[in-house]
Amino acid sequence: MGRILRWTASVVLLFSIVGASPVQAAPPRTDRQRALAAGRYLVAKQSPNGSFAGFSPVGSTADAVLDLVALGRGAQPLRDAIGFLRRQVRAGNVDSIGLQAKVILAVRAAGGDPRSFGGADLVREITDTYRPSGRFGTAVVLDQALAILALRATGAPMNVQAATWLAGAQCPDGGWQYDRPYRAGENRHCLDTSTNDVYGSDSNTTAYAIMALEGLATPAKDPFAFLTKLRDRSAGPANGGWGFTWGFRTTDANSTALVLQAYAASGTPVPGGAGQALARLQYRCGSVAYSWKAGARTGQDLGATIGAILGFLRTPLPVSGSVTGTFAGASSCPA
């Protein structure tokens, strides 16, 4: 009898242990699922006027349009956003090459005609500034890259010298700086420390330049070698991504997403852990934090969420597609 009791107790203990075992965690979400979750958060945060109040009203709204097209969902939010951009063009608030290029990319992605948008021909407004050097007006390097991408999206004729100028603006370290082409007097990462120059070569401008130059011109130095050196190698929870520039290398969502897009544009394999660095900045409800600070994510950020979606999808510029689906149960995150 004692043996039976001991055997019964053992069986009960065994089933108790099995029953008490923690439930297995769900497998990690795919990048597509992460992007869709971010998209649900995105449309929940759209303003009544159709804009997305990220880093800038026009630029962030144009970027959000690209997200919706890449996801193939959100027809009404897309129409509202395009309506906002049209009103901004009509009001004269899209008056720089960079903003014109961003709106062109958004309008073309949504299937519209940027040659007749808000009463303006945005393509001609860019091409009319073309100089014999290849530079568009007095565009900063970033805007030159955006202009090339915008013209590529429209199929407009473009003098190859525009791409040659951008390739020649590359810094000796392999990156590009935001504001101006490299000059021989600059002495550190495309930064002249003897002047008021505050911009060094950075990940964002470099990523845009890689996408713009793909198939048009080959830069003198390998830009991916630059990105490898700039990569965040800290011991923090989001290491493996990219920050903005030298001295600001902590992983942030926008920089990491742009770099992932650049890798996708060139067909270069993404370094191990880079996608996970972006994923760790996402909250369960889909929103994305800009970065990490003092061991914690910096908080839900619409601008970071807008930037992260194309990174999750590994979708380079220009973006094309059709929007046929909807977002079920658009989410908003608790404070």
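Everything numeric in this text was worked out from a predicted model, so none of it was measured. (Residues numbered from 1 in each chain as written. Predicted model: local features only at pLDDT ≥ 70, side-chain atom pairs only at ≥ 80, totals over all residues. Heavy atoms only, no water.)

## Thoughts on the state of the cysteines
In step 1: A full pass over the atoms with the stated rule returns 1 disulfide.
In step 2: What pairs with Cys171 in a disulfide is Cys190, and their sulfur atoms sit 2.0 Å apart. Note on the Cys171 and Cys190 pair: the S-S dihedral is about -95°, so by sign convention the disulfide is left-handed. Of this pair, Cys171 sits in the loop between helix H8 (160–168) and strand E1 (176–177) while Cys190 is found in the loop between E1 and strand E2 (201–202), placing the two residues 19 residues apart along the sequence.
In step 3: A relative accessible area of 1% places Cys171 in the buried class. (Disulfide = S-S within 2.5 Å. Helix = DSSP H or I, 4+ residues; strand = E, 2+ residues; numbered from the N terminus. Buried < 20%, exposed > 50% of the residue type's maximum accessible area, 1.4 Å probe, protein only.)

## Re the layout of surface pockets
In step 1: Roughly 760 Å³ of volume is contained in the largest pocket.
In step 2: Forming the boundary of the largest pocket are 34 residues, of which Phe55, Asp63, Lys102, Asn204 and Tyr208 lie nearest the centre.
In step 3: Breaking the lining of the largest pocket down by element, the ones donating at least two residues are helix H3 (57–71), helix H5 (97–109), helix H7 (141–154), helix H9 (203–213), helix H11 (253–266) and helix H13 (302–313).
In step 4: Tallying contributions element by element places H3 first for the lining of the largest pocket, with 6 residues. (1 Å grid on protein atoms, 1.4 Å probe; cavity = no way out; pocket = protein on both sides within 12 Å on 5 of 7 lines; lining within 4 Å. Points joined across faces, edges and corners; volume = space filled by probe spheres on them.)

## Looking at the pattern of salt bridges
In step 1: Using the criterion set out here, one finds 5 salt bridges in the structure.
In step 2: For Arg180, the salt bridge goes to Glu186, with nearest N and O atoms at 3.1 Å.
In step 3: Several salt bridges converge on common partners, so that one network encompasses Arg180, Glu186 and Asp197. (Salt bridge = Lys/Arg side-chain N within 4 Å of Asp/Glu carboxyl O.)

## Side note on the environment of Gln161
In step 1: Its location among the elements puts Gln161 in helix H8.
In step 2: Overall, Gln161 belongs to the partly exposed group, its relative accessible area being 28%.
In step 3: Apart from residues lying up to four places away in sequence, Gln161 is in contact with Tyr130, Pro132, Ser133 and Gly134. (Contact = heavy atoms within 4.5 Å.)

## Digging into unusual backbone geometry
A negative phi holds for most residues other than glycine; trans holds for most peptide bonds.
In step 1: Between Leu317 and Pro318 the backbone carries a cis peptide bond, its omega angle lying at -5°.
In step 2: Its location among the elements puts Pro318 in the segment after H13.
In step 3: In this structure, His189 takes a positive phi of about 50° despite not being glycine.
In step 4: Structurally, His189 is set in the loop between E1 and E2.
In step 5: Taking relative accessible area as the criterion, His189 reaches 30% and is therefore assigned partly exposed.
In step 6: The phi dihedral of Arg314 is positive, around 55°, even though this residue is not glycine.
In step 7: Residue position: Arg314 is located in the segment after H13.

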